[in-house]
Amino acid sequence: MANSKYEYVKREFEFDRSLPASNWIVVRIDGCHFHRFSEIHDFEKPNDESALRLMNACATSMLEKFRDMVFAYGVSDEYSFFFREGTEFYQRRESKILSLCVSFFTSVYVMKWKDFFPSKELKEPPYFDGRVVCYPNLKTIRDYMAWRQVDCHTNNQYNTCFWMLVKSGRTEKEAQQTLKGTFSKDKNELLLQQFQINYDDEPAIFRKGSCVYRAKVETKVKSDDHGNPITRTQSVTTVANIDIIGPQFWETHQDILHEEKCKYELVKKFDTIHRLPRCNWTIVRINACQFDQFSLIHTLDKPNDETALRLMNASASLVMEWFPDIIFGYGFNNEYSFVFQEKTELYQRQESLILSSCLTYFTSVYVTMWKEFFPKKELLQLPHFEAEILCYPKPKIICDYLSWRQAECHRTNQYNTCFWMLVKSGKDKSEAHEILKGTLSKDKNELLFQRFQMNYNNEPAMFRKGSCAYRQKVEEFTKVGDSENVTRERWDMTVAHVDMKPGFWRKHPYIFNQCHSV
């Protein structure tokens, strides 16, 4: 990365929290506003089996993608993923682990929707928040699992009673009043007496939740000369709806976790919440993972694919519409930075929830809108993104951060333009790299002009300057009566490709002014 006067914003303010060694890592993902989401998509109550199996399919893909995950447990719109104690996945960097997990999970959820709901259109993008919790030993890991499975039983038993009462003609308020203060045995008795339902006969997927793990299976690979089968042990990702509180499962699967007797009352003490410092401006920077491979598979134009950039801009605009506390976005290539207002109270400033919900909504929108921008290109590989969260105390430093990213946009694009023009002219990639080695900006401009008759400054501003997304005040006239016109104001999302020099901020002072109405 080239040095510039703006890079102090990275050196002095970016922090990267590493998770403590010798701790088991649990990433818990939870659906955002899934009550609303389930209503919009007409999920069955109290349980929609197709929705649960979609969640299980997402969890299965997670274990197949991330080999350091050893187990997953899910119920309703929640899933917990367990990394092995000694994992060095992304050097145990919290933001990397969290953002990759929630983004990939969301991407799979959107992609597999049609497999489980072939007759239902996805009416709004699903998104998830997440958190990372560390546990010091196997005892607390087992306690955590027991806690979640007990919670599954408690919630499902209540919901089964509640929705049976509602379906029988009670109002929701009456159903809540009927169940108030009841114990587990009371609910079982209510189901049996009023609805002839034995709760223990309900499907295990509802009562116990779902476990995803790798099971060792003997598979026949061939036969010997005498016709006897020759087998090989293979690891197969398995979904099961079983009890994980008692010892039986763990005795049978000692390769996942060693057996320990458990007590789960103290588990929540490990669930630490990190809040962002007050009076600081927050930036969430999202960056695509393995995008060189992704762009190659989908034959995106080099050095820039305008359609792909417009998809990034459209996704960013929708994120800003969904999260009004985001006042500005800047993106180029496969990266986008979102600036939150200084006094945001989104998720009570909980770092992991802000980062994960913003990231997964972006991921969800990106996957959902792919066909709109690439109608002739099938999505062959699931896109997923990583993210990090940054805090800065003053608008001046925010402006310097954005200037740094724009300087990086120029530097990267100028290099890539030269590189791909050389490659397209017949040079191989190593030759192109060698030609550009040690060149300055003016040398690259000269190369483009002399060899290819290209004036770099005439290249599209989107490529050279990146994209700025912000709200802009628009005045509209409404006719009242026969002659009187009334002026009204509204704030529309704008995407512009401009220099973020002091003049831009002087022209748009309201961006950092929290008094305007969004």
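All figures in this text were calculated on a predicted structure; none of them were measured in a lab.

Each value, and the rule that gives it
- Residues numbered from 1 in each chain as written.
- Predicted model: local features only at pLDDT ≥ 70, side-chain atom pairs only at ≥ 80, totals over all residues.
- Heavy atoms only, no water.
- Helix = DSSP H or I, 4+ residues; strand = E, 2+ residues; numbered from the N terminus.
- Buried < 20%, exposed > 50% of the residue type's maximum accessible area, 1.4 Å probe, protein only.
- Contact = heavy atoms within 4.5 Å.
- Areas by Shrake-Rupley, 256 points an atom, 1.4 Å probe, with all protein chains shown as cover.
- Lys, Arg positive; Asp, Glu negative; His and termini not counted.
- Charge placed at Lys NZ, Arg CZ, Asp CG, Glu CD.
- Axes fitted to C-alpha atoms, helices over the stretch in contact; angles between N-to-C directions.
- Parallel < 35°, antiparallel > 145°, perpendicular 65-115°, else oblique.
- Left-handed = near helix turned anticlockwise from the far one by under 90°.
- Nonpolar A, V, L, I, M, F, W, Y, C, P; charged D, E, K, R; others polar.
- Core = buried A, V, L, I, M, F, W, Y, C linked by side-chain atoms within 4.5 Å.
- Pairing = 2+ DSSP bridges.
- Disulfide = S-S within 2.5 Å.
- Polar contact = N/O pair within 3.5 Å; in protein donor to acceptor, adjacent residues only side chain to side chain.
- Phe/Tyr/Trp six-rings, centres within 6.5 Å; stacked < 30°, edge-to-face > 60°.
- Lys NZ or Arg CZ within 6 Å of the ring centre and 35° of its normal.
- Salt bridge = Lys/Arg side-chain N within 4 Å of Asp/Glu carboxyl O.

> Describe the overall build of the chain, listing the residues and the values that go with them.
Looking only at helices and strands, the chain has 17 helices and 12 strands in total. With the C-alpha coordinates of the chain rotated into their principal frame, the extents come out at 85 × 80 × 45 Å. Across the 518 residues that make up the chain, the buried fraction comes to 50%. Within the chain, residue pairs in contact and separated by at least 24 positions form 74% of the contacts whose partners lie at least 6 positions apart. Carbon and sulfur atoms provide 49% of the accessible area of the chain, an area that totals close to 25900 Å². For the chain, the centre of its 70 positive side-chain charges and the centre of its 69 negative side-chain charges are spaced 4 Å apart.

> Can you break down the packing of helix H11 (residues 306-322) against helix H12 (residues 351-373) residue by residue, with the values?
Packing of H11 against H12 leaves a shortest axis separation of 9 Å and a crossing angle of 135°. Taken together, H11 and H12 sit at an angle that is classed as oblique. As for how H11 packs across H12, the hand of that crossing is right-handed. On the side of H11, the interface is formed by Thr307, Arg310, Leu311, Met312, Ala314, Ser315, Ala316, Leu318, Val319 and Trp322, while H12 contributes Cys358, Tyr361, Phe362, Val365, Tyr366, Met369, Trp370 and Phe373. The class makeup of the residues in the contact of H11 with H12 is 15 nonpolar, 2 polar and 1 charged.

> Any details on the nonpolar core? Residues and values, ideally.
With 81 residues, the main nonpolar core has Phe81, Phe105, Tyr109 and Phe338 as its most contacted residues. Here the element with the most residues in this core is H12; it accounts for 12 residues. Leave out the neighbours within four places in its chain, and Phe105 touches Ile29, Met55, Cys58, Ala59, Met62, Tyr79, Phe81 and Phe128. Among the nonpolar cores identified, the runner-up in size contains 28 residues, and Tyr8, Ile283, Tyr401 and Cys468 belong to it.

> I'd love a proper account of the pairing of strand E9 (residues 335-340), names of residues and values included.
For a regular strand, side chains alternate in direction, first toward one face of the sheet and then toward the other. Where burial is concerned, most of E9 is hidden: 6 out of the 6 residues are buried. Bridge count for strand E7 (residues 281-288) against E9 is 6 bridges, and the pairing is antiparallel. Within E9, the residue paired with Thr282 across the bridge is Phe340. As paired strands, strand E8 (residues 326-332) and E9 are joined by 6 bridges and run antiparallel to one another.

> Just give me the short version of the state of the cysteines, but keep the residues and values in it.
In the structure shown here, the tally under the stated rule is 0 disulfides. Free cysteine: Cys58, not disulfide-bonded; nearest cysteine sulfur from Cys101 at 13 Å. By relative accessible area, Cys58 is classed as buried at 0%. The cysteine Cys152 is free of any disulfide, with Cys211 supplying the nearest cysteine sulfur at 9.6 Å.

> Help me get a handle on the side chain of Asn304, residues and values and all.
When you line up the elements, Asn304 lands in the loop between helix H10 (291-297) and H11. You can call Asn304 buried: its relative accessible area is 19%. In this structure the side chain of Asn304 is engaged in a polar contact, spanning 2.8 Å, whose partner is the side chain of Asn413. Residues contacting Asn304, with those up to four places away along its chain left out, are Leu309, Asn413 and Phe463.

> Can you tell me about the packing of aromatic side chains, naming the residues and giving the values?
In this structure the tally under the stated criterion is 56 aromatic pairs. When the ring of Tyr144 is compared with that of Trp147, the centres are 5.6 Å apart and the planes differ by 75°; the resulting orientation is edge-to-face. In this pair, Tyr144 and Trp147 are both assigned in helix H5 (residues 138-167), 3 residues apart and thus about one turn of the helix distant. Accessibility expressed as a relative area gives 0% for Tyr144, which makes it buried. We classify Trp147 as buried; its relative accessible area is 16%. With a centroid separation of 5.4 Å and an interplanar angle of 70°, the aromatic rings of Tyr366 and Phe385 are classed as edge-to-face. With a gap of 19 residues between them, Tyr366 in helix H12 and Phe385 in strand E10 (residues 385-392) connect regions that are remote in the sequence. An aromatic cluster is defined as three or more aromatic residues linked by ring pairs; in this entry it consists of Phe34, Phe37, Phe43, Tyr79, Phe81, Phe105, Tyr109, Trp113, Phe117 and Phe128. Taking the ring centre of Trp147 as reference, the NZ or CZ of Arg148 above it sits at 4.4 Å.

> So what's going on with the side chain of Glu124? Which residues, and what values?
The topology assignment puts Glu124 in the loop between helix H4 (94-116) and strand E4 (128-135). Taking relative accessible area as the criterion, Glu124 reaches 14% and is therefore assigned buried. Engagement of the side chain of Glu124 in a polar contact is seen with the side chain of Arg36, the distance being 2.8 Å. Every residue in contact with Glu124, bar those within four places of it in the chain, is listed here: Arg36, Phe37, Ile40 and His41.

> Tell me what's going on with the environment of Ser99, and back it up with residues and numbers.
Take Ser99: it is sitting in helix H4. Between the alpha carbons of Ser99 and Glu39 there is a distance of 27 Å; along the sequence they are 60 residues apart. For Ser99, the residues in contact, after removing those within four places along its chain, are Leu355, Leu359, Phe385, Glu386 and Ala387.

> Kindly report on the pattern of salt bridges, identifying the contributing residues and their values.
Two side chains bearing opposite charge may form a pair once their charged atoms approach each other closely. The tally for this structure, following the rule as stated, stands at 16 salt bridges. Among the salt bridges present, the one from Glu335 reaches Arg405, with a minimum N-O distance of 2.8 Å. With Glu335 in strand E9 and Arg405 in helix H13 (residues 395-424), this residue pair connects regions lying 70 residues apart in the sequence. Classification of Glu335 by relative accessible area gives buried; the value is 7%. For Asp499, the salt bridge goes to Lys465, with nearest N and O atoms at 3.0 Å. Residue Asp499 is located in the loop between strand E12 (484-496) and helix H17 (502-507), and its partner Lys465 is located in helix H16 (residues 461-465); the two are separated by 34 residues in the primary sequence. Among the residues examined, Asp499 registers a relative accessible area of 35% and is labelled partly exposed. In the salt-bridge network here, residues are joined through shared partners; they are Arg17, Glu94 and Glu351.

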